[in-house]
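Take a look at the letters that make up each chain.
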There are 2 protein chains.
Amino acid sequence: MRKNLGVQPALFPMPVVIVAAYGADGSICAMNAAWAQICAMDKIALFIDADHKTTKNIMETRAFTVNIADVSNMAPADFFGIATGNKMPDKFERSGCHAVKSAFVNAPVITEFPVALECEFAEEIETKHMHAIVGRIVNVSAEERVIGDKNKILPEEVNALIFDQYRSGYFAVGEKVGQAWNAGKDLMKG
Amino acid sequence: MRKNLGVQPALFPMPVVIVAAYGADGSICAMNAAWAQICAMDKIALFIDADHKTTKNIMETRAFTVNIADVSNMAPADFFGIATGNKMPDKFERSGCHAVKSAFVNAPVITEFPVALECEFAEEIETKHMHAIVGRIVNVSAEERVIGDKNKILPEEVNALIFDQYRSGYFAVGEKVGQAWNAGKDLMKG
């Protein structure tokens, strides 16, 4: 039996990403975002409000990084979602994390997190239904320990967090269960 | 040590959702999409090309469902990503899946999948950087077996697939590791 549950943002799984940007004064702000997604092969859309300190920083410096949060950094990742940079000027320092400037864009790469998408600001989209900050991915950097053959990232090693919007839980990624363009190929035979 | 990997759509995890819509003639088309995300509390954005049969159906009937693919339906979920409705008119039938019309919108709910977001078409966004189909979530329906207390969905029971864009793998969801707004609260004390 199926049950109707009303209107809710019921997508699952969602990623946990830490968006980081310098302000005009060189300070760093970072925030936790679950509503982010690739929107083209070299673009990422962040559905974040305009009044976040990090959003203001992005508009000032026209660059940001998207750092993939892993299980071992769950505490700072969650902290980046609780604290607000508008009221806590030393938010980034208090997270205990560290950053280095990207070699490609004017934005901080958080060194504790295993993978970063280094982005130039591309556009802000505001419609009746959506507010999005879109970035052009200029480079992806990753810790060597999460990189496998052919320079491809190993999801098993990233140990990324999953956000559960239903109950605000964090989950780990489980085992590999199949391969795309293979798992369903028998059905192509008809 | 960190390594630069160039430009790639390196977000992880991504969901696996099957977008389904009726055509004007009542036929069903469905496709596998990984680039989907909630963009407001009652909205979902699909980053899918305009030339998919399912996209054409959405534009005709102004409604669609977003069905969350689970591990037990990996084969049809993957098939929905391999086959194209433009060349295979009986794509939905060949998947082996079944559908019933949503009680809220003019779109098919795929009965095999545990959770469906039932959406009215809200807008199509086309900019230099993004093509998005945005839906307004009118109802979420789910199998009773995946619903827990307070009518909230249990991620542990959904057994959702994860898409790994790095290597085109499918993963299962692992164990719960923490709770948002709690895991990082000690850092608030400074």
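Residue numbers restart at each chain and count upward from 1, following the sequence in its written direction. As they are written, the chains are lettered A onward and the ligands numbered 1 onward, keeping that order. This being a predicted model, a pLDDT of at least 70 is required before a residue's local features are given, and a value of 80 or more before pairs of side-chain atoms are given or counted; all residues contribute to the totals for chains, interfaces and linings.

1. Details of the overall build of chain A
Runs of H or I in DSSP of at least four residues are treated as helices and runs of E of at least two as strands, each being numbered from the N terminus. Counting its secondary structure elements, chain A contains four helices and 13 strands. For this measure, only C-alpha atoms enter the radius of gyration; the expected value for a globule follows 2.2 Å times N^0.38, where N is the number of residues. A compact globule built from 190 residues would reach a C-alpha radius of gyration of about 16 Å, and chain A, at 18 Å, matches this within 12%. Principal-axis analysis of the C-alpha atoms places the extent of chain A at approximately 60 × 45 × 30 Å. To assign burial, the other C-beta atoms lying within 10 Å of each residue's own C-beta are counted, with C-beta atoms placed from the backbone; 20 or more indicates buried, 12 or fewer indicates exposed, and intermediate counts indicate partly exposed. Split into buried and exposed, the 190 residues of chain A put 54% on the buried side. Two residues qualify as a contact pair if the distance between their C-beta atoms, derived from the backbone, is within 7 Å. Counted over contacts in chain A with a minimum sequence separation of 6, partners at least 24 positions apart contribute 63%.

2. Describing the pairing of strand 5 (residues 36–40) of chain B
All names here are of chain B. Burial analysis of strand 5 places four of its five residues in the buried class, which makes it a mostly covered element. Note: strand 5 against strand 6 (residues 43–46), four bridges, orientation antiparallel. Within strand 6, the position partnered with A36 by the bridge is L46. Pairs of strands are assigned from DSSP output, requiring at least two bridges between the strands. Taking the residues that link successive antiparallel strands as the turn, the strand 5-strand 6 hairpin has two residues.

3. Some details on the environment of B:D186
Take B:D186: it is sitting in the segment after strand 13 (169–179). Along the backbone, B:D186 and B:A116 are 70 residues apart, and their C-alpha atoms lie at a distance of 37 Å.

4. Structural notes on the sheet that holds strand 2 (residues 14–15) of chain A
An order of 2(A)-12(A)-13(A)-13(B)-12(B)-2(B) is seen for the six strands of this open sheet, with the pairing classed as antiparallel. The sheet is open, and its two borders are formed by strand 2 of chain A together with strand 2 (14–15) of chain B, each paired with just one other strand. Note that strand 12 (residues 162–164) of chain B and strand 13 of chain B share three bridges and pair antiparallel. Bridged to B:F163 within strand 13 of chain B is B:Y170.

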